[in-house]
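# Breakdown of the fold
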Amino acid sequence: MNIANKLTLSRMIMVPFFLVAVYFEKDSQVLPISAIIFAVASFTDFLDGYLARKYNLITDFGKFMDPLADKVLVVAALAVLVEMNLIPAWMIVLIITREYAVSILRAIAANTGQVIAASQGGKAKTVSQIIAVLMLLLNIKYGIYVMWIAVILTFVSGMDYLIKNKKLISQK
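Conventions we followed
- Residues numbered from 1 in each chain as written.
- Predicted model: local features only at pLDDT ≥ 70, side-chain atom pairs only at ≥ 80, totals over all residues.
- Heavy atoms only, no water.
- Helix = DSSP H or I, 4+ residues; strand = E, 2+ residues; numbered from the N terminus.
- Rg over C-alpha atoms; globule rule 2.2 N^0.38 Å.
- Buried < 20%, exposed > 50% of the residue type's maximum accessible area, 1.4 Å probe, protein only.
- Contact = heavy atoms within 4.5 Å.
- Areas by Shrake-Rupley, 256 points an atom, 1.4 Å probe, with all protein chains shown as cover.
- Core = buried A, V, L, I, M, F, W, Y, C linked by side-chain atoms within 4.5 Å.
- Expected span 1.5 Å × (residues − 1).
- Salt bridge = Lys/Arg side-chain N within 4 Å of Asp/Glu carboxyl O.
- Phe/Tyr/Trp six-rings, centres within 6.5 Å; stacked < 30°, edge-to-face > 60°.
- Axes fitted to C-alpha atoms, helices over the stretch in contact; angles between N-to-C directions.
- Parallel < 35°, antiparallel > 145°, perpendicular 65-115°, else oblique.
- Left-handed = near helix turned anticlockwise from the far one by under 90°.
- Nonpolar A, V, L, I, M, F, W, Y, C, P; charged D, E, K, R; others polar.

### What to know about the overall build of the chain
Helix and strand content of the chain: seven helices and zero strands. For the chain, the N- to C-terminal ordering of α and β elements is α-α-α-α-α-α-α. The C-alpha atoms of the chain give 17 Å as radius of gyration, which agrees with the globular expectation for 172 residues (16 Å, within 12%). Taking the principal axes of its C-alpha atoms as reference, the chain extends roughly 50 × 35 × 20 Å. The 172 residues of the chain split such that 40% are buried. If you take every contact in the chain between residues at least 6 apart in sequence, the share linking residues at least 24 apart comes to 73%. Of the roughly 10000 Å² of accessible surface on the chain, a fraction of 70% belongs to carbon and sulfur atoms.

Shown next as structure tokens:
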């Protein structure tokens, strides 16, 4: 197993530690340990992709596990924020719906031998979600506004994927 795949697995492994940290910190206004774990896990998303591309460490395992690890981490964090009444539940529903739609679209494309690469909008969505989660975990003022930006970018980037790949959807 190469270093990029180990980083991806480490992100999956950090999710339960993040949830345990949240459990023990949930009664305080600021969740610093949870935020650190989330930040480190989020950084592994950047680092594993960088290393995989730079050193040609791209594997089928990584292609499958990396997006899964990303989704598990973000959904865990968003679920925590909903449970703590820091964001409304509809936000997480919209974000999860977009992630499923894009994942299904990528699966359809892969079935036809095509690859749908991450768009700039998708990358901006990811960065905004990470920043929003960290701000909310650390009780930083205006974190909810950054989450609103993340939700808007989530919707816009999801629609962008669907519009750019409508031929895949309309095939019989």
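### Description of the nonpolar core
The biggest cluster of nonpolar side chains holds 31 residues, and the ones touching the most others in it are F18, F38, L78, L81, V133, L137 and M147. Listed by contribution, the elements that provide at least two residues to this core are α1 (3-25), α2 (32-54), α3 (60-83), α4 (89-111), α5 (120-137) and α6 (143-164). The residues contacting L137, other than those within four sequence positions of it, are F18, Q29, V30, L31, S34, A35, F38 and L81. In this structure, V102, L105, I116 and L168 belong to the second largest nonpolar core, which totals six residues.

### Things to note about α5
Taking 1.5 Å of rise per residue, 18 residues should cover 26 Å, and α5 covers 26 Å from first to last C-alpha, within 8% of that figure. Among the residues making up α5, those that are buried are G122, K125, S128, Q129, I130, A132, V133, M135, L136 and L137. Along its buried surface, α5 packs onto α1, α2, α3, α4 and α6. Directly beyond the C-terminal end of α5, a positive phi value near 55° is found at N139.

### Focus on the pattern of salt bridges
Counting across every chain of the model gives eight salt bridges. Between E99 and K71 there is a salt bridge, with the nearest N and O atoms lying 3.4 Å from each other. Linking E99 in helix α4 with K71 in helix α3, this pair joins segments that are 28 residues apart in sequence. The exposure class of K71 is partly exposed, given its relative accessible area of 22%.

### Quick notes on the packing of aromatic side chains
For the structure shown, the criterion picks out six aromatic pairs. On the numbers, 5.9 Å between centres and 50° between planes, the contact of F18 with F38 is tilted. Of this pair, F18 sits in helix α1 while F38 sits in helix α2, and the two are 20 residues apart along the sequence. Classification of F38 by relative accessible area gives buried; the value is 1%. Three or more aromatic residues joined by ring pairs form one cluster here, namely F43, F46 and Y50.

### A look at the packing of α4 against α6
Running from amino to carboxyl end, α4 crosses α6 at an angle of 25°, the nearest separation of the two axes being 10 Å. Classified by the angle their axes make, α4 and α6 are roughly parallel. Classified by chirality, the crossing of α6 by α4 is left-handed. Across from W90, M91, L94, I95, R98, V102, L105 and R106 in α4, the residues of α6 making contact are I144, M147, W148, V151, T154, F155, S157, G158, Y161 and L162. Class assignment for the residues of the contact of α4 with α6 results in 13 nonpolar, three polar and two charged.

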